[in-house]
Amino acid sequence: MTSYTKERMKQLLKVYFIMGSNNNSTLAPEIILEEALKGGISIFQFREKGTGALKGAAKIQLAKRMQELCNQYHVPFIVNDDIELALALDADGVHIGQDDENAIKVRQLFANKLVGVSAHTIEEVKEAIEAGADYIGIGPIYPTSTKKDAKEVQGTSLIEKVKEANLTIPIVGIGGITAENAFPVIQAGADGVAIISEISMADNPYEQTKRLKKVVFGQG
Ligand SMILES: Cc1ncc(COP(=O)(O)OP(=O)(O)O)c(N)n1
Ligand SMILES: Cc1nc(C(=O)O)sc1CCOP(=O)(O)O
Ligand SMILES: [Mg+2]
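Residues numbered from 1 in each chain as written. Chains lettered and ligands numbered in written order. Predicted model: local features only at pLDDT ≥ 70, side-chain atom pairs only at ≥ 80, totals over all residues. Heavy atoms only, no water.

1. Quick word on the UniProt feature "binding site: Mg(2+)" (unreviewed entry) in the chain
Part 1: Per the UniProt record, "binding site: Mg(2+)" (unreviewed entry) is found at Asp-81 and Asp-100. With the annotated positions falling across 20 residues, the maximum pairwise C-alpha distance of 6.4 Å places them together in a single cluster.
Part 2: Locating Asp-81 in the fold gives a position in the loop between strand S3 (77-80) and helix H4 (83-89).
Part 3: With residues up to four places along the chain from it excluded, the contact list for Asp-81 reads Lys-49, His-95 and Asp-100.
Part 4: Of note, Asp-100 is situated in the loop between strand S4 (93-96) and helix H5 (103-109). (UniProt positions renumbered as here; feature names shortened; annotations may be inferred. Helix = DSSP H or I, 4+ residues; strand = E, 2+ residues; numbered from the N terminus. Contact = heavy atoms within 4.5 Å.)

2. Points about the nonpolar core
Part 1: Grouped together as the largest cluster of nonpolar side chains are 59 residues, with contacts concentrated most on Phe-17, Leu-33, Ile-41, Phe-44 and Phe-77.
Part 2: Ranked by the residues each element gives to this core, the list is headed by helix H3 (residues 56-72), at 5 residues.
Part 3: If sequence neighbours within four positions are ignored, Phe-77 has contacts with Phe-44, Phe-46, Ala-63, Met-66, Gln-67, Cys-70, Leu-89, Ala-91, Asp-92 and Gly-93.
Part 4: Met-9, Leu-114, Tyr-135 and Ile-196 belong to the second largest nonpolar core, which has 13 residues in total. (Core = buried A, V, L, I, M, F, W, Y, C linked by side-chain atoms within 4.5 Å. Buried < 20%, exposed > 50% of the residue type's maximum accessible area, 1.4 Å probe, protein only.)

3. Regarding the site of ligand 2
Part 1: Every residue near ligand 2 is listed here: Arg-47, Gly-139, Pro-140, Thr-144, Thr-146, Lys-147, Ile-174, Gly-175, Gly-176, Ile-195, Ile-196 and Ser-197.
Part 2: With respect to ligand 2, the backbone of Gly-176 contributes an N or O atom lying 2.8 Å from an oxygen atom.
Part 3: Between Ser-197 and ligand 2, the recorded distance is 2.5 Å, taken from a side-chain N or O atom to an oxygen atom.
Part 4: Isolated, ligand 2 exposes 430 Å² of accessible area, and the fraction of that covered by the protein chains is 94%.
Part 5: Counted by class, the shell around ligand 2 contains 4 nonpolar, 6 polar and 2 charged residues. (Near = heavy atom within 4 Å. Polar contact = N/O pair within 3.5 Å; in protein donor to acceptor, adjacent residues only side chain to side chain. Areas by Shrake-Rupley, 256 points an atom, 1.4 Å probe, with all protein chains shown as cover. Nonpolar A, V, L, I, M, F, W, Y, C, P; charged D, E, K, R; others polar.)

4. As for the packing of helix H2 (residues 29-39) against helix H10 (residues 205-216)
For any two helices packed against each other, one specifies the crossing angle of their axes together with the interaxial distance.
Part 1: Where H2 meets H10, the closest approach of the two axes is 7 Å, and the angle between their N-to-C directions is 35°. Note that H2 runs across H10; the crossing there is right-handed. Every residue of H10 that contacts H2 at Ile-32, Glu-35, Ala-36, Lys-38 and Gly-39 is listed here: Pro-205, Tyr-206, Thr-209, Lys-210 and Lys-213.
Part 2: For the contact of H2 with H10, a count of residues per class yields 4 nonpolar, 2 polar and 4 charged. (Axes fitted to C-alpha atoms, helices over the stretch in contact; angles between N-to-C directions. Left-handed = near helix turned anticlockwise from the far one by under 90°.)

5. Observations regarding the site of ligand 1
Part 1: In the vicinity of ligand 1 there are 15 residues, among which Arg-47, Lys-49, Asp-100, Ser-118 and Lys-147 approach most closely.
Part 2: For ligand 1, an oxygen atom lies 2.7 Å from a polar atom in the side chain of Arg-47.
Part 3: Note that a nitrogen atom of ligand 1 is positioned 3.4 Å from one of the side-chain N or O atoms of His-95.
Part 4: Starting from 420 Å² of accessible surface for ligand 1 in isolation, the protein chains cover 92%.
Part 5: Of all the elements in the fold, those that place two or more residues in the shell around ligand 1 are strand S1 (15-19) and strand S7 (171-174).
Part 6: A breakdown of the residues in the shell around ligand 1 according to their chemical character gives 4 nonpolar, 6 polar and 5 charged.

6. Topic: the coordination of the magnesium ion (ligand 3)
Part 1: Protein coordination at the magnesium ion (ligand 3): the donors are Asp-81 (OD) and Asp-100 (OD), at 2.1 to 2.2 Å from the metal. Residue Asp-81 is found in the loop between S3 and H4, and its partner Asp-100 is found in the loop between S4 and H5; the two are separated by 19 residues along the sequence. (Donors = N, O, S within 2.8 Å, 3.2 Å for Na, K, Ca; no water.)

7. Things to note about helix H7 (residues 157-164)
Part 1: What H7 keeps buried is the set Leu-158, Ile-159 and Val-162. Buried residues of H7 fall within an arc of 105° about the axis and therefore sit on the same side.
Part 2: Residues of H7 that are buried in the fold lie against strand S5 (114-119), helix H6 (122-131), strand S6 (135-138), S7 and helix H8 (183-187).
Part 3: One or two positions beyond H7, positive phi appears at Asn-166, with a value near 60°. (Arc of directions from axis to C-beta.)

8. Some points on the pairing of strand S2 (residues 43-46)
Part 1: Neither face of S2 is exposed, since Ile-43 and Gln-45 on one face and Phe-44 and Phe-46 on the opposite face are all buried.
Part 2: Relative to S2, S1 runs parallel, the two sharing 4 bridges. Note that in S2 the partner of Tyr-16 across the bridge is Ile-43.
Part 3: With H2 bridging S1 and its parallel neighbour S2, the resulting β-α-β unit is right-handed.
Part 4: Relative to S3, S2 runs parallel, the two sharing 3 bridges. In the sheet register, Phe-46 faces S3, and the bridge partner there is Val-79.
Part 5: Taken together, S2, H3 and S3 constitute a β-α-β crossover, and its handedness is right-handed. (Pairing = 2+ DSSP bridges. Right-handed = clockwise from strand over helix to strand, strands pointing away.)

Here it is as structure tokens:
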């Protein structure tokens, strides 16, 4: 664990926005991120992967611009998968999946930073806790077309299992989450929702973020 308490971590997970340069429609990624920041996202993950993803200097430059925006709004900036980039930018943390760098090693490398781990079974959740993860990402909750290699849709079943097992690690649900279907994820026991397309492809990312935030706080 880092210096973030579990309670603080749970607050940060409320509306977790994730994006890269290929998740947008007409607006530029930086514009979308700033609108989402104004709308009240609680944490941001830079996830530059998939068709047409930037590489090399272009990727680093975009990451830096997005990090600067997050800093302006005092929102933690997390890097997906790319440990080297996270270290180079002194990011606030990293998110890794089961096919990425080993969680124990990542925990050591990012001793005072946030480490998020994806989990699809209760065993993976327990392993992530053992490795010292600050939070777990559970998904896909609903069908998603954003991640081509997503696992089978599991609804909220694993979230419920984690709560039944009295495991207190902060949880964020991910995959196909919209303002219309977010509340059951919270009701099942997640601390927040992780979103790509519902915000990044929205006509108005600011309004969409505000809508999601209301739902997560039970005011939707
Ligand atoms: C918050 C959050 N949860 C889960 C994931 C998925 O991570 P992973 O399984 O490593 O897949 P990729 O995102 O790397 O394709 C995530 N990124 N964020
Ligand atoms: C990045 C990611 N991880 C998932 C998982 O199940 O671990 S689903 C997913 C894509 C989330 O995008 P959208 O909000 O557009 O469905
Ligand atoms: Mg990954």
